[in-house]
Amino acid sequence: MENKLESIKNLISNYIEISEEEWISYSSNFYVKEIEKKEIVLRQGHICQEVIFVVNGLLRVFFVDNDGEEKTFHFSFENTFSADYQSFLKKIPSNYSIQAMEDTTIVLMSHKMLHDGYKSLRNGERLGRLLAEEYFFIFNDKIQAMYTQSPIERYNTLIAQFPDILQRIPQHYIASYLNISSVHLSRLKNA
């Protein structure tokens, strides 16, 4: 388990300074879980109970619109966090579902663990603030791109951020993320 926690330790260390003693105490509360491809980790309408750290694998964050269509909002790759953070913090039903796109190893951080970290970690409150900011940036970037970038610009940005995405995610999910049809995506790829 310690090897699986090493990557989350490195990621947290990018946000805050954490001593070895703090890490040993804090990390004992993490829960490591192996999930299978297509497994749903969070269902839309349920309360998000944990922040999810992706050790290896890939998660898709999506919602079902009023017409019953799935709309992909975000992908969470290795060494990133995933959650419906509003649901997590406010204890309200989630607007999103989170699904494994591959067999994936995740580490779960409960609401209690986050709040305990505020008290027990010297920089715990800073960690919470920086995680919240990270989610804000994801939402802000997504919304801004939808209104200010053409489909080809959104596609090129996606490929630049995640060069191997076309090998890891089915085309219809990528098209949904870009808010275009699969046919339009095929044209963009061949342009």
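Before going into details, it helps to say that this report is about the structure given with it.

1. Structural notes on the nonpolar core
Right, so step 1: Counting residues in each nonpolar core, the largest one holds 41 residues, and the members touching the most others are Ile-8, Tyr-15, Phe-30, Val-51, Leu-59, Phe-81 and Val-107.
Right, so step 2: Those residues in contact with Val-107, other than ones at most four positions away along the chain, are Lys-4, Leu-5, Ile-8, Phe-30, Tyr-31, Val-32, Val-51, Ile-52, Phe-53 and Val-55.
Right, so step 3: Counting 17 residues, the second largest nonpolar core, distinct from the first, contains Leu-158, Ile-169, Ala-175 and Tyr-177.

2. Let's talk about the packing of helix H8 (residues 171-178) against helix H9 (residues 182-190)
Right, so step 1: For the pair H8 and H9, interaxial distance at closest approach is 9 Å and the crossing angle is 95°. Regarding the angle of H8 to H9, the classification is roughly perpendicular. Contacts from Gln-171, His-172, Ile-174, Ala-175 and Leu-178 in H8 reach Ser-182, Leu-185, Ser-186 and Lys-189 in H9.
Right, so step 2: Residue classes in the contact of H8 with H9 are distributed as 4 nonpolar, 4 polar and 1 charged.

3. Some details on the side chain of His-111
Right, so step 1: Along the chain, His-111 turns up in helix H4 (residues 111-120).
Right, so step 2: When near neighbours in sequence (up to four residues on either side) are disregarded, His-111 contacts Gln-49, Phe-88, Leu-89 and Lys-91.

4. As for the sheet that holds strand E7 (residues 97-100)
Right, so step 1: Pairing is antiparallel in the open sheet, where 4 strands are placed in the order E2-E7-E4-E5. Only two strands of the sheet have a single neighbouring strand rather than two, namely strand E2 (40-42) and strand E5 (70-76). Each strand of the sheet is rotated relative to its neighbour by a mean of 30°, with strand direction disregarded.
Right, so step 2: Pairing geometry for strand E4 (residues 59-64) and E5, over 6 bridges, is antiparallel. Counted as the bridge partner of Val-61 is His-74 from E5.

Cut-offs applied
Residues numbered from 1 in each chain as written. Predicted model: local features only at pLDDT ≥ 70, side-chain atom pairs only at ≥ 80, totals over all residues. Heavy atoms only, no water. Core = buried A, V, L, I, M, F, W, Y, C linked by side-chain atoms within 4.5 Å. Buried < 20%, exposed > 50% of the residue type's maximum accessible area, 1.4 Å probe, protein only. Contact = heavy atoms within 4.5 Å. Axes fitted to C-alpha atoms, helices over the stretch in contact; angles between N-to-C directions. Helix = DSSP H or I, 4+ residues; strand = E, 2+ residues; numbered from the N terminus. Parallel < 35°, antiparallel > 145°, perpendicular 65-115°, else oblique. Nonpolar A, V, L, I, M, F, W, Y, C, P; charged D, E, K, R; others polar. Pairing = 2+ DSSP bridges.

Read these as spatial facts, not as claims about activity.
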